[in-house]
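Structural description and commentary
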Amino acid sequence: MKKTILAIVISSISLSSIAADHDHEHFSEIGKQGGKPATKTTIEKNDAFAKTLNFSDTRAFENNNKGLIASFDKKTGDIIRNSFDFIDPSVANADNAPDSVNPSLWRQAVLNQAAEGLYEVVPGKIYQVRGTDLASISFIRSDNGWIAYDVLLTRESASQSLKFFQENVPEGGDLPVVAMIYSHSHADHFGGSAAIKEAFPDVKVYGSKYITKEIVDENVLAGNAMSRRTAYQYGATLNRHEHGIVDAALAKGLSKGAITYVLPDYELNHNEEIETLNIDGLEMQFMDASGTEAASEMVTYIPSMKALWTGELTYQGMHNLYTLRGAKVRDGLKWSKKINEMLMTWGSTTDVLFASHSAPVWGTEEISDYLKMQRDAYGFTHNQTLRLANDGVVLQDMGDEIYTVMPESIQKTWHTNGYHGTYSHNARAVYNMYLGYFDMNPANLNPLPVKPESAKFVEYMGGSELILEKAEADFEKGEYRFIATALNKVIQVEPKNVEARKLLADTYEQLGYQAEGAGWRNIYLTGAQELRVGTLPGAPKTASPDVLANMTIENLLDYLAVRVDSMKAQHTPFTLNVVIPDEKETYFVEMSNGNLNNILVDKEVKADATLLINRSDVSKILLQQMTLATLLENGSAGIKGDKSVLQKLTDSLTNADAKFEIVPRPAKGEEVDAELYETAHKH
């Protein structure tokens, strides 16, 4: 028998490889051709919105430019920035948005375009490389070298950023990185870890509480769905153009390459709220902030430098209480309270605030004002959502209603604007966290599935021709939101309806042009693109071989459980011991009632079969350095008992569709635009 439960994990790697298929350069002309001009309604809405914005406030640009030591060379800058050259990074361009971009989002795009090199945060002590990835990498001076705090999304971006830092830092470029810290469990903060480890094998790694568990929960168990959705949120397949992606809110976008993960040597103490560690002679105070922006997160104060690291609890914009790619809903009240706790604990002694995204903030008074406004933005969203809910406002209405009660001070402050997390979807997240998706209206308790409901909707409306006729009239009036609802019903029922697909794509496009949130824009424009030409490559994948290789055996067994086809497995029950000699662990695995269960046990129990394999060899298999067949042949692994157990498990597993349908897409011969379709699918 040449396959076991661990070998089977490998069968999914081709689908979950993190090296994103970044061939969207092939489709740049498609994006340009597909992008249509803004309509009169969109131009009027964007112009009206611009009049509510305070373009005279340029403080963020001043902070952004402060401390620049070296701008990127072409090789380093090309990691993500080479295709955003249509954006002039000067502040003078901030209020000169194209018709096809919301003026507030354009200003954020200009601000993020201006971040482009190595910056000095505290002279001789703290430096940041900003603009090579969605996050920034920080280098903090310790006794014998540097501490790298948050190490970007990919091995490639971390490697180039490290090299750029070493070559351009005024002093200490020849010193080693002695420690690496992950502030939280999102991939853009740990994905480049292998590059640091490869350059400095002795580096000691620190992470927030339960970081490895939360990485698995968020990036692996629902990893395929999340990766597909991530491509929408971050516009991974869109052309970089004023009709396509202009920004990713936190920075310009995602870097290209492989997401890796080096296991922490030390995770923050599970029983302490604030833990002080001495890392290579530098005192650092870590405050647990888990359950705010990430399920595992921490912020840090460095007393000797009077520097506060806020991780991702703050940045130049409103963050997500619910991230559109999909994740556990975040606690807005706790988020607000943690910012307040930082302010009360360290605010009076902080000279500089720096973070995972955006430029630092300097000066105790400015930092205090910044933290208070960030605190109040999340507190407002939480508290006012519940006030409105207690007055009977329902989930569907909450996204619009929250703006009617927004204080002018929050609306007019740039760094609380909804570029990443809009108040609309954040308010709905608060509602969902407390009250769930059901609004108690009996009509919404048990609706029909999408396609049958769509069929009845189209029937009730008098058929697709009548709906399309009304939608065309409404499009001329700029009533895009309902057109999107109505035409989505039509193409669910009639995916070959070319005219409906064209008009829905045009509608999504205009909604994207009006959106202040980068994720909203990218989702609308990606939906339009897929209606026109189908699914294009470019989605990043988080369940990479490297991440899988650093999962615990329990994590791997949980991952296998979500791949089991219960209808097949219900007929093939079995029991299995998995013995891991080098970890001195034994797991009892049982397939029953179509569900795969596992539990850590003290010793082998009576089972149909027993698999023996070292944890180190599991990692080699997952990294594709070794096959299970070889391990079995040379005796490094073994199986005893009923070997058919392994085949039963193999036969029950499924591979997820990495390009599952989000909007009904054209099939060959049924495309909206034959020329665009053929051009796209040649590659």
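Predicted, not measured: the structure shown is a model, and the values here were computed from it.

Thoughts on the overall build of the chain
Looking only at helices and strands, one finds 28 helices and 19 strands in the chain. In terms of C-alpha radius of gyration, the chain reaches 26 Å, essentially the compact-globule figure of 26 Å for 683 residues. Within the chain, the proportion of its 683 residues that are buried is 58%. In the chain, 76% of the contacts between residues at least 6 apart in sequence involve partners at least 24 apart. As displayed, the chain offers around 26900 Å² of accessible surface, 50% of which is attributable to carbon and sulfur atoms. Within the chain, one finds 65 positive and 91 negative side-chain charges whose respective centroids are separated by 3 Å.

Points about the confidence of the model for the chain
Averaged over all residues, the pLDDT of the chain equals 89, while 91% of them reach at least 70. This stretch, residues 1-33, has a pLDDT under 50; its non-local contacts, to residues over four places away or in other chains, come to 102 contacts. In the model, residues 676-683 has pLDDT below 50 throughout and makes 19 contacts with residues more than four positions away in sequence or in other chains.

Thoughts on unusual backbone geometry
You will see that Asp280, though not glycine, has its phi angle at about 50 degrees, which is positive. A positive phi is found at Lys306, a non-glycine position, where the angle reads about 50 degrees.

Some words on the packing of helix 11 (residues 223-233) against helix 21 (residues 518-533)
At a closest axis distance of 7 Å, the pairing of helix 11 and helix 21 adopts a crossing angle of 100 degrees. In terms of orientation, helix 11 and helix 21 fall into the roughly perpendicular class. Only Ala518, Gly519, Asn522, Ile523, Thr526, Gly527 and Glu530 of helix 21 make contact with helix 11, whose side of the interface consists of Arg228, Ala231, Tyr232 and Gln233.

Some details on the packing of aromatic side chains
Scanning all chains against the criterion turns up 19 aromatic pairs. Following the ring pairs from residue to residue traces out a cluster consisting of Tyr127, Phe139, Trp146 and Phe165. Residue placement shows Lys252 over the ring face of Phe84; its charged tip is 4.8 Å from the ring centre.

Some remarks on the pairing of strand 4 (residues 137-141)
Burial runs high along strand 4: 4 of the 5 residues are buried. Where strand 3 (residues 126-130) meets strand 4, 4 bridges bridge the pair, whose relative direction is antiparallel. If you follow Gln128 over to strand 4, its bridge partner there is Ser138. In sequence, strand 3 turns back onto strand 4 through a hairpin of 6 residues, with Gly131 there showing a positive phi of about 105 degrees. The pairing of strand 4 with strand 5 (residues 146-149) spans 4 bridges and is antiparallel.

Section: a nonpolar patch on the surface
Taken together, the side chains of Met433, Tyr434 and Leu435 present a nonpolar region at the surface, about 290 Å² in accessible area. By the secondary structure assignment, Met433 is in helix 16 (residues 423-435). The partly exposed category is assigned to Met433, whose relative accessible area is 36%.

Regarding a negative patch on the surface
There is a patch of like negative charges on the surface, built from Glu465, Glu469, Glu472 and Glu476. With respect to the secondary-structure elements, Glu469 resides in helix 18 (residues 464-477).

Overview of the pattern of salt bridges
Any two side chains of opposite charge can pair, on the condition that their charged atoms come close. According to the stated counting rule, one finds 23 salt bridges in the structure shown. Note that Asp400 is salt-bridged to Arg481, the shortest N-O span being 3.1 Å. Of this pair, Asp400 sits in helix 14 (residues 395-404) while Arg481 sits in helix 19 (residues 480-493); the two residues are 81 residues apart in sequence, bridging distant segments of the chain. Residue classification places Asp400 among the partly exposed residues on the basis of a relative accessible area of 41%. The salt bridge involving Glu453 is made with Lys489; its shortest N-O contact spans 2.7 Å.

Cut-offs used in this document
Residues numbered from 1 in each chain as written. Predicted model: local features only at pLDDT ≥ 70, side-chain atom pairs only at ≥ 80, totals over all residues. Heavy atoms only, no water. Helix = DSSP H or I, 4+ residues; strand = E, 2+ residues; numbered from the N terminus. Rg over C-alpha atoms; globule rule 2.2 N^0.38 Å. Buried < 20%, exposed > 50% of the residue type's maximum accessible area, 1.4 Å probe, protein only. Contact = heavy atoms within 4.5 Å. Areas by Shrake-Rupley, 256 points an atom, 1.4 Å probe, with all protein chains shown as cover. Lys, Arg positive; Asp, Glu negative; His and termini not counted. Charge placed at Lys NZ, Arg CZ, Asp CG, Glu CD. pLDDT = per-residue confidence, 0-100. Axes fitted to C-alpha atoms, helices over the stretch in contact; angles between N-to-C directions. Parallel < 35°, antiparallel > 145°, perpendicular 65-115°, else oblique. Phe/Tyr/Trp six-rings, centres within 6.5 Å; stacked < 30°, edge-to-face > 60°. Lys NZ or Arg CZ within 6 Å of the ring centre and 35° of its normal. Pairing = 2+ DSSP bridges. Patch = residues over 30% accessible without salt bridge, like charges linked within 9 Å, V, L, I, M, F, W, Y side chains within 5 Å. Salt bridge = Lys/Arg side-chain N within 4 Å of Asp/Glu carboxyl O.

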